[in-house]
Amino acid sequence: MSQAVVERLTAHFGERVLETSDAFGDHEVVVAIKDWAEVAQFMKDDSDLQMDHFIDLTAGVIEVRLAADDAFVGDWGAHSASHVC
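Residues numbered from 1 in each chain as written. Predicted model: local features only at pLDDT ≥ 70, side-chain atom pairs only at ≥ 80, totals over all residues. Heavy atoms only, no water.

Enquirer: Is there a simple way to think about the overall build of the protein in this case?
Expert: When its secondary structure is counted, the protein shows two helices and four strands. Reading the protein from its N end, one meets helices and strands in the order α-β-β-α-β-β. For the protein, the proportion of its 85 residues judged to be buried stands at 26%. Within the protein, contacts between residues separated by at least 24 positions form 48% of all contacts whose residues are at least 6 apart in sequence. A total of about 5700 Å² of accessible surface is found on the protein, and carbon and sulfur atoms cover 56% of it. (Helix = DSSP H or I, 4+ residues; strand = E, 2+ residues; numbered from the N terminus. Buried < 20%, exposed > 50% of the residue type's maximum accessible area, 1.4 Å probe, protein only. Contact = heavy atoms within 4.5 Å. Areas by Shrake-Rupley, 256 points an atom, 1.4 Å probe, with all protein chains shown as cover.)

Enquirer: Help me understand helix 1 (residues 3–13), please; the structure alone is not making it clear to me.
Expert: Each full turn of the α-helix corresponds to 3.6 residues, which orients residues three or four apart in the same direction. The set of residues buried in helix 1 consists of Val 5, Val 6, Leu 9 and Phe 13. Relative to the axis of helix 1, the buried residues are bounded by an arc of 100° and lie together on one face. Opposite the packed face of helix 1, turned more than 90 degrees from it, sit the exposed residues Ala 4 and Ala 11. Along its buried surface, helix 1 packs onto strand 1 (17–23), strand 2 (26–31) and helix 2 (36–45). Within two residues after helix 1, Gly 14 carries a phi angle of roughly 55°, on the positive side. (Arc of directions from axis to C-beta.)

Enquirer: What exactly am I supposed to notice about the packing of aromatic side chains here?
Expert: Each aromatic ring pair is characterised by the separation of its centres together with the angle its planes make. Throughout the structure, instances matching the rule amount to one aromatic pair. Relative to Phe 42, the ring of Phe 13 lies with its centre 5.3 Å away and its plane at 85°, an arrangement referred to as edge-to-face. Residue Phe 13 is located in helix 1, and its partner Phe 42 is located in helix 2; the two are separated by 29 residues in the primary sequence. With respect to burial, Phe 13 and Phe 42 carry one shared label: buried. (Phe/Tyr/Trp six-rings, centres within 6.5 Å; stacked < 30°, edge-to-face > 60°.)

Right, dumping it as structure tokens:
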């Protein structure tokens, strides 16, 4: 994910983007589990993103830094076949 995607998601979802990070140029966005499907659908349908290829879908349990109902985490990568994001 690029910085441009992070900015687009943050602009659209506002405070629902809980956290962003950049590890060696690999940008990440954290959203609540309840928002995951809506964010994924937006990434696919948005004309600026067109993230039509999900890769590396994984899931797990994270440390107790979040509320108990947010302790489950899903992690996925997405790419666009038609845009450089």
